[in-house]
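# Notes for the structure review
Below are the chains, spelled out letter by letter.
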Amino acid sequence: MKTYIWTLPTRIFHWLLAISFALAFILGGEEDFLRLHIALGSFAGVLVLFRIIQGFNGPLYARFRDFPVSVKALTLFFTNMKMSKSEHPGHNPMASVIMLSILLVALISAISGILLSASEGTGIFGITLSVSYKETFEELHDVVVHLMLILVVIHLTGILADTVLHYAQGTLFSMFTGYKNIKAENASLTPAQKVFSIFWILIPLLTFFYIMLYQPVPKGDKEKTEEVKEKGESDD
Ligand code: HEM
Ligand code: HEM
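Residues numbered from 1 in each chain as written. Chains lettered and ligands numbered in written order. Predicted model: local features only at pLDDT ≥ 70, side-chain atom pairs only at ≥ 80, totals over all residues.

## Things to note about the site of ligand 2
Not every one of the 27 residues close to ligand 2 is listed here, only the nearest: A24, G28, G41, G113 and V145. For the shell around ligand 2, the secondary structure elements donating two or more residues are α1 (8–27), α2 (34–57), α4 (93–119) and α5 (134–165). Across the shell around ligand 2, the residue classes tally to 13 nonpolar, 11 polar and three charged. (Near = placed C-beta within 6 Å. Helix = DSSP H or I, 4+ residues; strand = E, 2+ residues; numbered from the N terminus. Nonpolar A, V, L, I, M, F, W, Y, C, P; charged D, E, K, R; others polar.)

Take a look at the structure:
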């Protein structure tokens, strides 16, 4: 018995977040790709902001009220890991905690990045802060993005464990196909949720291209050193 759990916008969101987070992380330390890093990080941040809004009025299983995060649900989950198949058609209690943490930490990653670039004197989205905050936001950005990496590793370990324990349910493939092999109510989108989904994808994309094409970005240390060198030569 197949049940439709993850609607198309949720799946598109998932893979766009996974790709943009991974690329932003890899490019974080690369000065030559700072603009792309900032564009990808901001893209991920806006994407997550829309997912959080969707959590309050989205389809079945994607709504936060369908995330079983009570102490009772968590205790039951850990004392009976092999629980009956249709107990949690959407996220199980542990997955729910991790998903909520990923959303929150991804948002803070992007916000701390915005504050960092603002304190480097080049305000993304028009925000500019005193340069004296630079070290604080650098530290914060570094800590939060690594926390996000840890959560992703826990997420992948959870999927692996679930695949070993309940292979027949098909959780791993559900983020590709939308379906799990369980008996439950099918998820569906209302017309308003479909319209929302268009903006959910469009606005992060517009943010990405806006930053790539128009937004000034902070200068990397290499660029700053070259500028000082050039200034020194022209003074001579
Ligand atoms: C940077 C990498 C990743 C991030 C940030 C991430 C994040 C997330 C988030 C936020 C959700 C919740 C979706 C929602 O409720 O809207 C989720 C669910 C899910 N992810 Fe990922 N993910 C990543 C990589 C992966 C990979 C590589 C796989 C597959 C191998 C995967 C498989 C899944 C599955 C199957 C679910 C649904 C789990 C369930 O039914 O409880 N994820 N992920
Ligand atoms: C999911 C989102 C993001 C991830 C995973 C991420 C990840 C990283 C990583 C791993 C670094 C390198 C840290 C280090 O070298 O210690 C970094 C640096 C940085 N990030 Fe992000 N970041 C994200 C979003 C953003 C955003 C949205 C902005 C700005 C709007 C931003 C601006 C910066 C800046 C200015 C640096 C310092 C680069 C340098 O001076 O070399 N980041 N980020």
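## A word on the environment of A24
In this fold, A24 is placed in helix α1. On a C-alpha basis, the gap between A24 and H37 in space is 5.0 Å, while along the polypeptide they are 13 residues apart. Not counting residues up to four positions away in its chain, the partners in contact with A24 are H37, L40, G41 and A44. (Contact = placed C-beta atoms within 7 Å.)

## Considering the site of ligand 1
What surrounds ligand 1 is a group of 22 residues, the closest being A18, H91, A95, M99 and M175. Sorting the residues of the shell around ligand 1 by element identifies α1, α4, α5 and α6 (171–177) as the ones contributing at least two each. Broken down by element, the residue count for the shell around ligand 1 peaks at seven residues, all from α1. Here the shell around ligand 1 is built from residues that sort into 15 nonpolar, six polar and one charged.

## With respect to the packing of α4 against α5
Between α4 and α5, whose axes approach to 8 Å, the crossing angle comes to 155 degrees. Judged on the interaxial angle alone, α5 and α4 are roughly antiparallel. Regarding α4 and α5, the two cross each other, and that crossing is left-handed. (Axes fitted to C-alpha atoms, helices over the stretch in contact; angles between N-to-C directions. Parallel < 35°, antiparallel > 145°, perpendicular 65-115°, else oblique. Left-handed = near helix turned anticlockwise from the far one by under 90°.)

## Comments concerning the nonpolar core
Judged by nonpolar contacts, the single largest core of 31 residues is most densely connected at A39, F43, A44, L47, A106 and M148. Contributions of two or more residues to this core are made by α1, α2, α4, α5 and α7 (191–213). If one sorts the elements of this core by residue count, α4 sits on top with 12 residues. Excluding residues within four positions of it along the chain, A39 makes contact with F208, I211 and M212. In terms of nonpolar packing, the next biggest core, distinct from the first, is built from five residues, I5, W6, Y61 and A62 among them. (Core = buried A, V, L, I, M, F, W, Y, C linked by C-beta atoms within 7 Å. Buried ≥ 20, exposed ≤ 12 C-beta atoms within 10 Å, placed from the backbone.)

This is a description of form; function is not addressed.
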